[in-house]
Amino acid sequence: MVFTQPPAGKFTYAVPESFRETVQPGHRVMVRLGNRKMAGFLVEFVPEPDLENVREIEDVLDPEPLLSPELLDLTRWIASYYMSTWGEAVRAALPPGVMRHARLMIEPLPESSPAVELDDTARRILACIQERGAVSFQALTRSAPLPVSRFLIATLEKAGLVRVSHILEEQQASVMTEKWIALDDSLSKAEQRELVKNAPRQAAVLERVRKAGEDLRRSELEVPLALLRQLESKGLINIYEQEVDRTPYRDHDVPEAAPLTLSEDQQRVFGTISAGLQSGRFGVYLIHGVTASGKTQVYIEAVRETLKQGRTALILIPEISLTPQAVQRYRSAFGDQVAILHSRMSMGERFDSWRMIKEGQYRIALGPRSAVFAPLPDLGLIVIDEEHDGSYKQSDPAPRYHARDTAVMRAHLNNATVILGSATPSLESYHNAVSGKYTLCELQRRIDETEMPLVTLVDLNEEEEIPSGRVLSEILIQRIGERLDQGEQVMLLQNRRGYSTLLQCRECGAVAKCRDCDISLTFHQYDNVLKCHYCGYRQRADGRCRECGGETIKFQGAGTQRVQEALNTIFPDARILRMDQDSTGRKGAHDRIIRAFEAGKADILLGTQMIAKGHDFSAVNLVGIISADTGIHFPDFRAGERTFQLLTQTAGRAGRRDRRGEVVIQTRVIDHPVITLARTHDFIAFYKREMAQRRELVYPPWGRMALIRLKGGNEAAVQKAAATLRERLPGAPGMTILGPVPCPIARIKQLFRYQIILRIAREADPAGNLLRKVISRGMADVRVRSLPPGVRIAVDIDPTDTL
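Criteria and cut-off values
- Residues numbered from 1 in each chain as written.
- Predicted model: local features only at pLDDT ≥ 70, side-chain atom pairs only at ≥ 80, totals over all residues.
- Heavy atoms only, no water.
- Helix = DSSP H or I, 4+ residues; strand = E, 2+ residues; numbered from the N terminus.
- Rg over C-alpha atoms; globule rule 2.2 N^0.38 Å.
- Buried < 20%, exposed > 50% of the residue type's maximum accessible area, 1.4 Å probe, protein only.
- Contact = heavy atoms within 4.5 Å.
- Lys, Arg positive; Asp, Glu negative; His and termini not counted.
- Charge placed at Lys NZ, Arg CZ, Asp CG, Glu CD.
- Phe/Tyr/Trp six-rings, centres within 6.5 Å; stacked < 30°, edge-to-face > 60°.
- Core = buried A, V, L, I, M, F, W, Y, C linked by side-chain atoms within 4.5 Å.
- Salt bridge = Lys/Arg side-chain N within 4 Å of Asp/Glu carboxyl O.
- Pairing = 2+ DSSP bridges.
- Polar contact = N/O pair within 3.5 Å; in protein donor to acceptor, adjacent residues only side chain to side chain.
- Axes fitted to C-alpha atoms, helices over the stretch in contact; angles between N-to-C directions.
- Expected span 1.5 Å × (residues − 1).

Peer 1: Can you explain the overall build of the protein? Please cite residues and give values.
Peer 2: Helix and strand content of the protein: 22 helices and 31 strands. By the compact-globule yardstick of 28 Å for 803 residues, the protein fits well, its C-alpha radius of gyration being 31 Å. Across its three principal directions, the C-alpha atoms of the protein cover 80 × 80 × 65 Å. Classification of the 803 residues of the protein by burial places 52% in the buried group. The long-range share in the protein, meaning contacts at least 24 apart out of those at least 6 apart in sequence, stands at 75%. Within the protein, one finds 106 positive and 102 negative side-chain charges whose respective centroids are separated by 3 Å.

Peer 1: Could you give me a rundown of the packing of aromatic side chains, with the residues and numbers involved?
Peer 2: To describe a pair of aromatic rings, you give the distance between the ring centres and the angle between the ring planes. For the structure on display, the rule yields 16 aromatic pairs. Geometrically, the ring pair formed by tryptophan 77 and tyrosine 82 is edge-to-face, given 5.8 Å between the ring centres and 85° between the ring planes. Ring geometry for phenylalanine 523 and phenylalanine 555: centres 5.4 Å apart, planes at 55°, overall tilted. Remark: phenylalanine 555 occurs in strand β23 (residues 553-558) and phenylalanine 523 occurs in strand β20 (residues 522-524); sequence separation between them is 32 residues. With a relative accessible area of 7%, phenylalanine 523 lands in the buried category. Assessed through its relative accessible area of 36%, phenylalanine 555 is described here as partly exposed.

Peer 1: So what about helix α14 (residues 427-434)? Which residues, and what values?
Peer 2: Of all the 8 residues making up α14, 7 are buried; the element is thus mostly covered by neighbouring parts of the structure. When we look at burial in α14, the residues that qualify are Leu427, Glu428, Ser429, Tyr430, His431, Asn432 and Ala433. Against β10 (283-289), α13 (403-414), β15 (417-422), β16 (439-443), α18 (639-651) and α20 (683-697) lie the buried residues of α14. Positive phi shows up at glycine 436, right after α14, with a value of about 95°.

Peer 1: Describe in detail the nonpolar core, supporting the description with residues and values.
Peer 2: If you look at the biggest cluster of nonpolar residues, it comprises 110 residues, and the most contacted ones within it are Leu314, Leu316, Ile708, Leu710, Leu725 and Leu758. The greatest single-element share of this core, amounting to 6 residues, is contributed by helix α1 (residues 69-81). Once residues within four sequence positions are removed from consideration, leucine 316 is found in contact with Gly367, Pro368, Ala371, Val372, Val383, Ile384, Asp385, Tyr392, Ala403 and Ala407. The next biggest cluster of nonpolar side chains, apart from the first, holds 30 residues, and it includes Tyr299, Ala313, Ala326 and Val383.

Peer 1: With reference to specific residues and values, describe the pattern of salt bridges.
Peer 2: One pass over the structure, following the stated rule, counts 41 salt bridges. As a salt-bridge pair, arginine 268 and aspartate 265 come within 3.4 Å of each other at their nearest N and O atoms. Here aspartate 265 and arginine 268 lie together in helix α9 (residues 264-279), a separation of 3 residues that amounts to about one turn. A relative accessible area of 13% means that aspartate 265 is categorised as buried. For lysine 393, the salt bridge identified is with aspartate 796, shortest N-O distance 2.6 Å.

Peer 1: Tell me what's going on with the sheet that holds strand β1 (residues 28-33), and back it up with residues and numbers.
Peer 2: Paired through their backbone hydrogen bonds, the strands of a sheet run either parallel or antiparallel. Strand order in this open sheet of 3 strands is β2-β1-β3, and the pairing throughout is antiparallel. Whereas interior strands pair on both sides, the edge strands pair on one side only; in this sheet they are β2 (36-41) and β3 (59-60).

Peer 1: So what's going on with unusual backbone geometry? Residues and values would help.
Peer 2: Here the amide bond leading from alanine 398 into proline 399 is cis, since omega sits at 5°, within 30 degrees of zero. Omega for the peptide link from proline 700 to proline 701 comes to 10°, which places this bond in the cis form. As for its position among the elements, proline 701 is in the loop between α20 and β28 (703-712). With a phi close to 55°, asparagine 53 is a non-glycine residue in the positive phi region. Mapping asparagine 53 onto the fold places it in the loop between β2 and β3. Looking at asparagine 53, the relative accessible area reads 75%, which means it is exposed.

Peer 1: Explain the side chain of serine 422 residue by residue, including any values.
Peer 2: Locating serine 422 in the fold gives a position in strand β15. A distance of 2.8 Å separates a polar atom in the side chain of serine 422 from a polar atom in the side chain of histidine 388.

Peer 1: So, the sheet that holds strand β8 (residues 216-217): which residues are in play, and what are the values?
Peer 2: Read across the sheet, 3 strands follow the order β8-β7-β9 without closing on themselves; strand pairing throughout is antiparallel. In this open sheet, the two edge strands, each paired with only one partner strand, are β8 and β9 (237-243). Strand contacts of helix α7 (residues 200-212): β7 (177-183), β8 and β9, with the helix running at about 90° to β7, the strand carrying the most contacts.

Peer 1: An account of the pairing of strand β11 (residues 312-316) is needed here, citing residue identities and associated values.
Peer 2: Summarising burial for β11: 5 of the 5 residues are buried, a large majority. Strand direction decides the pairing type here: β11 and strand β14 (residues 379-385), joined by 5 bridges, are parallel. Across the sheet, residue leucine 314 finds its bridge partner in β14, namely isoleucine 382. Judged from the 4 bridges that link them, β11 and strand β13 (residues 364-367) form a sheet pairing that is parallel. In the strand pairing of β13, isoleucine 315 is matched with leucine 366.

Peer 1: Describe helix α12 (residues 347-358), with residues and values.
Peer 2: Its 12 residues place the ends of α12 16 Å apart at the C-alpha level, agreeing with the 16 Å of an ideal helix rising 1.5 Å per residue. Counting buried positions along α12 yields 10 of 12 residues, so the element is predominantly enclosed. Every buried residue belonging to α12 is among Gly348, Glu349, Arg350, Phe351, Asp352, Ser353, Trp354, Arg355, Met356 and Ile357, and all of these are buried. Where α12 is buried, its residues touch β9, β12 (338-340) and β13. Downstream of α12 by one or two residues, glycine 360 has phi in the positive range, about 85°.

Peer 1: Describe the environment of leucine 104, naming the residues involved and giving the relevant values.
Peer 2: If you trace the backbone, leucine 104 turns up in strand β4 (residues 102-108). The class of leucine 104 is buried, set by a relative accessible area of 7%. Between the C-alpha atom of leucine 104 and that of glutamine 138, which follows or precedes it by 34 residues, the distance is 8.0 Å.

What follows is the structure, encoded as structure tokens:
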């Protein structure tokens, strides 16, 4: 038995006779833990243990297991590999709202002499409970005049002053139904006249249903339900309930895909993958294909082959913003067999999609990272598009899994095929391909033999001083103007949102910083506030320095809002759409922006990295990159790889069909190898250079790596805990342990952050087992000695960043 909330670990319960014929691993069950009821998951049967007073399962909560055997095996692997609890992995595999949690309730008892002496804090909390009556622990912590701890509540319970109980909350997501009205009458004309005379409203409703000639939704009849029940009691209508399909995009008109013939290159790649599909054996294929080389059509043909074999397919995409175009492509090919899963869907929509996939109503599931757990039966194919993308890695909460690697393991468990696709593969995946672990498939020519876009580098150091606030070079302005005059569309990347990324006082030099994080605040012009992009802190931008009161503020660093302002000034007639986290906060915003640009309702699409991935706009022949240097100097070993991928992917949006595109890249480090190699789209040269550097430092893929991060509100306590943990890590031959040191961003959300990095050559630890063993021993030793209050430890296996 495992629980998706504390406590961690596995627990043993007996299965009563009444459940032995029905309960299976994967079932959600009700048990008693201590004095509270909890919902947990039965994960495996074990021989009867030599234990006394083993408690029994009290109830089975669902008619069928929520997790299949293969998903249970997958979550077990995730917990082991990524060093989470099995319960955390199970929680990640389920849609939100499915789980039921116990709520701690506190009820005051009649006053009596307490069994223990209470201090002032306990007396004040008790008075608050007595004033409120029965109250949940969460509500008490919000309303009490002092901090409330569970230990304090336990003290009051021990003193006989309160009663503590646990109430199971209702499941938040469930099947949604709506009432329908069906005609069921056989009134004679005389009876109809009698009804009109004695119950005119009932007669009117009956006539409305009769004229409709079909069943009507209850919502279409604006009358009280009681009136409808009266008609039903007379046998004149029948009221029934029907399930509501809340899955998104179901009402979108999707044109049927036009028949396409694969190019010679596409056919060669598909032939290789098709042989693997037909073999029914596990295999991983990396398609290294330049932008616009037709990778998606190969994916579609592979899905079609999989469906012919009677198996199901899973499509992973890196960004929610890609969902509308992906849905259109796959639904135009496969109709209503495609289900969508992503975090911007409502809880009910996600539950419906998950349940209908599980029931076999959909044979294809599509979505970002969490869709890797889609409960598809008999999974035969997993496609990971833009497999290099960092968004496939989960950061918080645990488990900190990588969806690409999890997908490979899931395919292994199902004897399924995996297709990884990218114009800029991750170094790990490409290394696996060239070393023979994966099968490498190349698509090095664009469809219809269109040339790769021409890239122009603009050295901002040599550009004449750009007027304040303009942020666009003369060359880029000229190119934009030319494209707009020709009726073409333009895409512009600025990978920073807001208006200005740094505000500095000219009088004292102070920089506006977040109150709760060690990071500068970003100015957002449209609502005139300074925002922290890490914790959400906001303060009004009043034009004054908080340190000296000075009123001369220098705006440095341009975000998307500032670029949009410049575009509005230079091109007042241009229709501009901005796509960043601020403009896409509302549900459906991604879809609306993409559809509007695709339909030609805007001339310029300006955005952050979400516009760089996978979009295909036939009228875009110019792409501008406002600042290529945004991430190149980050203190992270993947900074160069990320920058190369972002520049190459963004440049790839230019030029489609029969026209060569153009890219203008603005930079202050024009001779940096990452910039020059992105200019020539030379992934192989970049790969060789980067791999040589990483080999010297034993960074992935040459080495195994883990990051341990400690955080808490008291810096001294965090620092001490980090030092203690470092002392307890036993190490191993060939292993390097760095730290503890403050994280590059040393404080976020009022929590101080320290980190320890462990590295070991892959030859010495091929599967990472030694690395995990060292971490487990060190953490177990520290926890036995107990961590300082308020200090938390997180382990990240195969981290994708170290910030």
